[in-house]
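# Notes for the structure review
Single-letter residue listing:
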Amino acid sequence: MADAMELKRGSTGPTLFGSLVKFMSSSVGSKVVMAVTGLGLCAFIMGHMAGNLLAFVGRDAFNHYAATLKGTPLLLWGTRLALLIGFPLHIWTAVRTVQLNRAARPVAYAVPSKAPARAAAKTMMLSGAVVLAYFAYHLAHFTLHLTGPQPATLLADGHYDAYSMMVMGFQQPLIAIFYVTAMVLLAAHISHGIYSLFQHLGFWGAKWTPFLKNVALVLGYGLCAGFASIPLSVLLGLIKP
Amino acid sequence: MSDKLMKLKVNVWRQTNKDQSGEMKGYVVENVDPHMSFLEMMDTLNEQLQHKGEEPVAFDHDCREGICGMCSMVINGIPHGGHKGVTACQLHMRHFNDGDEIFVEPWRAKAFPVLRDLVVDRSALDRIVASGGYVSVNTGGAPDANCLPIPKKEADLSMDAAACIGCGACVAACKNASAMLFVAAKASHLAHLPQGEPERYVRAQNMAQQMDAEGFGTCSNLSQCEAVCPKEIPVRVIAEFNSDLIKAQFKG
Ligand code: FES
């Protein structure tokens, strides 16, 4: 009886933090973490592409954008902090769910599954892994200046000549190809991810869900086209050194 | 469509018990009438096996009219054979051609151990229902029909989910062996009714917890479950279930 009373008052439950951690480690909760971080990463990618497209405006616009980013610590470090939290969480939940899923079917079917599903949806882990590898390379090239062709001198204002760095990089066909490949896979990843994350967050609508599926496709492949247009334009000589 | 009897090569998973490993074994099945159901074809195979003094193939079945959810076979890589809204027992042999080779496997999931041949233990689904898929009612006289007004839209949403026969094809089809469609359907058909509303969030939490404990995989929104569900339950119920679990975090 006393126990029942206790439960009724709800005073014996776990702490807010405790129950949140418990939820986040459940199968549905970890997908919520993946969805929220995915949404954040997607927003970052959209902003990134908008900045990149300034390459078409010209050297000054592009370098001004790069300099403004670097010169605004709040923006720069706010974004970096979000990435530093969002990326590991996104990857960690991915690894964890893959482990759970593998364990959930220890004996495989003799006939490969014919249950229909989009290829992009079935290969999220693969596309994600390639994009991650690309991301690491990308950081080494453009942020840490460890690899790839780098301009010999800094600009007069002490900043890196981001525009030249980009053009020099993409004039190398191998770098451009790696970039474009990663962007195609990123598109596939996003084309399922956007739809999926709304489903994970419990958002469904008879009209909204089909619309969101289309948004996911347009956004995914639109981002890919936007990003890929730059190395292709460099290779075709449309963006000049 | 011809009524000509067919001869088929049927490969079936044979396994003597839970602890032994099994293998696919091929049989030639003769005199298969195109009007037969898939299970009747399996009966024909079993008769032939018995004539030869071999062990018949064990498979689950009961109603044979698509309502009990007992039949459970992955036919040529797809649960229930892949015809829209059809269980294995309602699948007709007219969809196959003379000389076809057919592969029949049990549901594959850690949570569904194979007991024998095509029979798997699906009590994990029962335990999930027992953990929350009910409404707590005090005993007393049964209320009069229609004394609780339920909007038509809500009743329809509830009925969509209540059509679940608990066969487990969703788990069998899912790349991740996730049981989300089943669990969400069982939660959704109660959540839309006034009787089930009060316990909506606790129910979702308890069922989700049991689902994880049974060792099912996670949902990646591949919708393979929806595609194979013989009752065509929509993945909408999964979004609802996710939403309930998230809201539950903010309640209490
Ligand atoms: S045997 Fe009852 S649904 Fe197939």
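Residues numbered from 1 in each chain as written. Chains lettered and ligands numbered in written order. Predicted model: local features only at pLDDT ≥ 70, side-chain atom pairs only at ≥ 80, totals over all residues. Heavy atoms only, no water.

### A look at the overall build of chain A
The helix and strand tally for chain A stands at 10 helices and 0 strands. Rg of the C-alpha trace for chain A: 22 Å, well past the compact-globule value of 18 Å for 241 residues, more than 25% over. The C-alpha extent of chain A, read off along each of the three principal axes, is 80 × 50 × 35 Å. For chain A, with 241 residues in total, the buried portion stands at 39%. Put simply, of all contacts in chain A between residues at least 6 apart along the chain, 74% involve residues at least 24 apart. Positive and negative side-chain charges of chain A, numbering 16 and 5 respectively, have mean locations separated by a distance of 19 Å. (Helix = DSSP H or I, 4+ residues; strand = E, 2+ residues; numbered from the N terminus. Rg over C-alpha atoms; globule rule 2.2 N^0.38 Å. Buried < 20%, exposed > 50% of the residue type's maximum accessible area, 1.4 Å probe, protein only. Contact = heavy atoms within 4.5 Å. Lys, Arg positive; Asp, Glu negative; His and termini not counted. Charge placed at Lys NZ, Arg CZ, Asp CG, Glu CD.)

### Remarks on the sheet that holds strand β2 (residues 23–32) of chain B
All names here are of chain B. Spatially, 5 strands are ordered β2-β1-β5-β3-β4 in an open sheet, and the strand pairing comes out mixed. Looking along the sheet, the strands with just one partner apiece sit at the ends: β2 and β4 (78–79). Bridge count for strand β1 (residues 6–14) against strand β5 (residues 101–105) is 4 bridges, and the pairing is parallel. Its bridge partner lying in β5, V10 is registered against I102. Docked against the sheet, helix α1 (residues 38–51) engages β1, β2, β3 (74–75) and β5, running at close to 100° with respect to β2. (Pairing = 2+ DSSP bridges. Axes fitted to C-alpha atoms, helices over the stretch in contact; angles between N-to-C directions.)

### Details of the environment of B:L245
Looking at the element boundaries, B:L245 is found in helix α8 (residues 236–250). Considering only alpha carbons, one finds B:L245 and B:A208, 37 residues apart in sequence, at a separation of 8.3 Å. In this structure B:L245 touches A:F23, A:V28, B:A204, B:Q205 and B:A208, once residues within four positions along its chain are discounted.

### Quick notes on the environment of A:P149
All names here are of chain A. Tracing the backbone through its elements, the reader meets P149 in the loop between α7 (124–143) and α8 (162–170). Here the alpha-carbon distance between P149 and V167, two residues 18 residues apart in the chain, equals 9.5 Å. Look past the residues within four positions of P149 in its chain and what remains in contact with it is H141, M165, M168, G169, Q172 and I175.

### Quick word on the interface of chain A and chain B
A common way to express how large an interface is: the accessible area buried when the components associate. Contacts between the two partners involve 38 residues from chain A, matched on the other side by 44 residues from chain B. The largest per-residue losses of area from chain A upon contact with chain B belong to A:R105, A:Y109 and A:Q199, which jointly make up 18% of the total buried on that side. For the pair chain A and chain B, the interface holds 0 salt bridges. Linking chain A to chain B there are 21 residue pairs in polar contact (both at pLDDT 80 or more). If you list the elements that add at least two residues to the side of chain A that touches chain B, you get α2 (16–24), α3 (27–52), α5 (73–104), α6 (119–122) and α9 (173–200) of chain A. Along the lines of polarity and charge, the residues of the side of chain A that touches chain B split into 22 nonpolar, 11 polar and 5 charged. (Buried area = accessible area lost by both parts, 1.4 Å probe. Salt bridge = Lys/Arg side-chain N within 4 Å of Asp/Glu carboxyl O. Polar contact = N/O pair within 3.5 Å; in protein donor to acceptor, adjacent residues only side chain to side chain. Nonpolar A, V, L, I, M, F, W, Y, C, P; charged D, E, K, R; others polar.)

### Considering the nonpolar core
Core analysis: the largest hydrophobic core is formed by 111 residues, its most contacted members being A:M166, B:F38, B:M42, B:M93, B:F216 and B:F241. At 10 residues, the largest contribution of residues to this core is made by α9(A). A domain-level breakdown of this core finds at least three residues from each of domain 1 (6–116) and domain 2 (123–251) of chain B. Those residues in contact with B:F241 that sit more than four places away from it in its chain are B:M180, B:V183, B:A184, B:A187, B:A204, B:M207 and B:A208. (Core = buried A, V, L, I, M, F, W, Y, C linked by side-chain atoms within 4.5 Å. Domains from an automatic or database assignment.)

### A closer look at a nonpolar patch on the surface
Residues and elements named next belong to chain A. A contiguous nonpolar surface patch, about 660 Å² in accessible area, is contributed by W77, L81, L84, I85, L89 and W92. On the secondary structure map, W92 appears in helix α5. Relative accessible area serves as the criterion here: at 47%, W92 is assigned to the partly exposed category. (Patch = residues over 30% accessible without salt bridge, like charges linked within 9 Å, V, L, I, M, F, W, Y side chains within 5 Å. Areas by Shrake-Rupley, 256 points an atom, 1.4 Å probe, with all protein chains shown as cover.)

### Quick word on the packing of aromatic side chains
Tallied over the entire structure, the rule returns 14 aromatic pairs over all chains. Taking 6.3 Å as the distance between ring centres and 70° as the angle between the ring planes, the aromatic pair formed by A:F203 and A:W208 counts as edge-to-face. With a centroid separation of 5.8 Å and 75° between ring planes, the pair formed by A:W208 and A:F211 is classed as edge-to-face. Here the residue A:W208 and the residue A:F211 both occupy positions in helix α10 (residues 208–236), the gap between them amounting to 3 residues, near one helical turn. Given a relative accessible area of 47%, A:F211 falls into the partly exposed group. An aromatic cluster of at least three residues, connected via ring pairs, comprises A:Y134, A:Y137, A:F142, A:F170, A:F178 and A:Y179. If you follow B:R108 out to its NZ or CZ, it ends over the ring of B:W13, 4.1 Å from the centre. (Phe/Tyr/Trp six-rings, centres within 6.5 Å; stacked < 30°, edge-to-face > 60°. Lys NZ or Arg CZ within 6 Å of the ring centre and 35° of its normal.)

### Considerations on α8(A)
Residues and elements named next belong to chain A. Of all 9 residues in α8, 8 are buried; the element is thus mostly enclosed. Within the sequence span of α8, burial applies to A162, Y163, S164, M165, M166, V167, G169 and F170. Looking at the packing, one finds that the buried side of α8 touches α4 (59–71), α7, α9 and α10.

### Brief notes about the domain arrangement of chain B
All names here are of chain B. Domain annotation of chain B identifies domain 1 (6–116) and domain 2 (123–251). Of the residues lining the interface, 19 residues belong to domain 1; the matching set on domain 2 comes to 19 residues. Taken together, the two surfaces of domain 1 and domain 2 that pack against each other cover about 1,300 Å², and 65% of this comes from carbon and sulfur. When the buried surface of domain 1 facing domain 2 is broken down by residue, P79, A111 and F112 rank first, second and third, together holding 33% of it. Across the contact surface, domain 1 and domain 2 share 1 salt bridge. The closest approach of N and O atoms between K84 and E232, which form a salt bridge, is 3.2 Å. The tally of links from domain 1 across to domain 2 stands at 3 residue pairs in polar contact (both at pLDDT 80 or more).

### Structural notes on the pairing of β5(B)
In the sheet, β3(B) pairs with β5(B) via 2 bridges, with the strands oriented antiparallel. If you follow B:V74 over to β5(B), its bridge partner there is B:E105.

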